Amino acid sequence: MKTLHFYFQSQKKEFLALTVLTVFCFSLLLIRAKATNSVFFFFLIWNLFLGFLPYAMSSLMMYSIKIRENRGYRFFGLLIWLLFLPNSFYLITDFFHLNKFNTVPIWFDLMVLSTFSLTGFLFGLFSLFSIEKILISHYSGRVSSILLLISLYLTAFGIYLGRYLRFNSWDVLSNPTDLFFTCINCLFVRDVQNFTLGFGTFLLVIYWVATSMKMLETNNLKIK
């Protein structure tokens, strides 16, 4: 119970930080739209919403005892979370749109894309923290670590499917056959392998650093 209480207290701070970042994202976007008379970058709003869904799903699982403790509900919740997790980290690939227009200084577009990417990354990282707690409460630490490791590399694979092959999370339901055979074929493509390995390792390093910092903060609070 103390662990959950500490989690809920820390999640309030996370939610406040994410809210502030999201408001800042929208403010920058509105300023850009006003300055350029263009809504081109408004696709970032949709991308950020999709990036928010894994965070929302993991928070729901943490708050709902029924979902956490029922094996069927828990498995389904984890599946939905994993399906949408690539969307959180996908926002970093929106840097591909940098410097496409000269209507505003490039530093401003860099700030817009960086803020959206950071917010999406935090949605993903915080959701990973929650899922890690759920996994550890039901499985051993080793099994939990392996499952999270697999999740990160599957996320990298999902980002490739979204960025380069233009698949969406809901294609699992709307276009499952094409998605399935595309995934099978991609497994033997060198570029896909390199992207999945490289980006998956990048996510792993970022997650390890974030986890280390979070543990350090927790230890400092215990000392106080």
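A brief structural summary. (Residues numbered from 1 in each chain as written. Predicted model: local features only at pLDDT ≥ 70, side-chain atom pairs only at ≥ 80, totals over all residues. Heavy atoms only, no water.)

Concerning the pattern of salt bridges
Then, number 1: Scanning the model with the defined rule gives two salt bridges in all.
Then, number 2: Where aspartate 109 meets arginine 32, a salt bridge forms, and the shortest distance between an N and an O atom there is 2.6 Å. Placement of the pair is aspartate 109 in helix 5 (residues 106-136) and arginine 32 in helix 1 (residues 2-36), with a sequence separation of 77 residues.
Then, number 3: The residue arginine 163 makes a salt bridge to aspartate 94 at a minimum N-O spacing of 2.9 Å. Of this pair, arginine 163 sits in helix 6 (residues 141-163) while aspartate 94 is found in the loop between helix 4 (71-90) and helix 5, placing the two residues 69 residues apart along the sequence. Pair check on accessibility: arginine 163 and aspartate 94 agree, each one buried. (Salt bridge = Lys/Arg side-chain N within 4 Å of Asp/Glu carboxyl O. Helix = DSSP H or I, 4+ residues; strand = E, 2+ residues; numbered from the N terminus. Buried < 20%, exposed > 50% of the residue type's maximum accessible area, 1.4 Å probe, protein only.)

Let's talk about the nonpolar core
Then, number 1: Among the nonpolar cores identified, the biggest contains 48 residues, and Phe89, Val112, Phe116, Leu128 and Ile131 are the most heavily contacted of them.
Then, number 2: Contributing elements (two or more residues each) for this core: helix 1, helix 2 (43-63), helix 4, helix 5, helix 6, helix 8 (176-186) and helix 9 (190-223).
Then, number 3: Per-element tally for this core: the top contributor is helix 5, with 13 residues.
Then, number 4: Not counting chain neighbours up to four residues away, the residues in contact with leucine 128 comprise Trp81, Leu85, Phe89, Leu148, Leu152 and Tyr207. (Core = buried A, V, L, I, M, F, W, Y, C linked by side-chain atoms within 4.5 Å. Contact = heavy atoms within 4.5 Å.)

Things to note about helix 6
Then, number 1: For helix 6, with 23 residues, the first-to-last C-alpha span of 33 Å sits near the 33 Å given by 1.5 Å per residue.
Then, number 2: Those residues of helix 6 that sit buried are Ser144, Leu148, Ser151, Leu152, Thr155, Ala156, Phe157, Ile159, Tyr160, Leu161, Gly162 and Arg163. (Expected span 1.5 Å × (residues − 1).)

What to know about the packing of aromatic side chains
Then, number 1: Under the counting rule described, the total for this entry stands at 20 aromatic pairs.
Then, number 2: Here the aromatic rings of phenylalanine 52 and phenylalanine 123 are separated by 5.5 Å at their centres, their planes lie at 75 degrees, and the arrangement is edge-to-face. Of this pair, phenylalanine 52 sits in helix 2 while phenylalanine 123 sits in helix 5, and the two are 71 residues apart along the sequence.
Then, number 3: Their ring planes at 35 degrees and their centres at 5.7 Å tell us that phenylalanine 129 and tyrosine 207 sit as a pair that is tilted. Note that phenylalanine 129 is positioned in helix 5 and tyrosine 207 in helix 9, a separation of 78 residues in sequence. Accessibility classification places phenylalanine 129 together with tyrosine 207 in one group, the buried group.
Then, number 4: Pairwise contacts between aromatic rings join Phe89, Phe96, Phe121, Tyr160, Tyr164, Phe195, Phe199 and Phe202 into one cluster.
Then, number 5: Seen from the ring of phenylalanine 41, arginine 32 lies directly overhead, with NZ or CZ sitting 4.1 Å from the centre. (Phe/Tyr/Trp six-rings, centres within 6.5 Å; stacked < 30°, edge-to-face > 60°. Lys NZ or Arg CZ within 6 Å of the ring centre and 35° of its normal.)

A short note on the side chain of aspartate 171
Then, number 1: Within the secondary structure, aspartate 171 sits in helix 7 (residues 171-174).
Then, number 2: Reaching out from aspartate 171, the side chain makes a polar contact with the backbone nitrogen of asparagine 168 at a distance of 2.7 Å.
Then, number 3: Ignoring anything within four residues of it in the chain, the contact list for aspartate 171 reads Arg166, Pro176 and Leu179. (Polar contact = N/O pair within 3.5 Å; in protein donor to acceptor, adjacent residues only side chain to side chain.)

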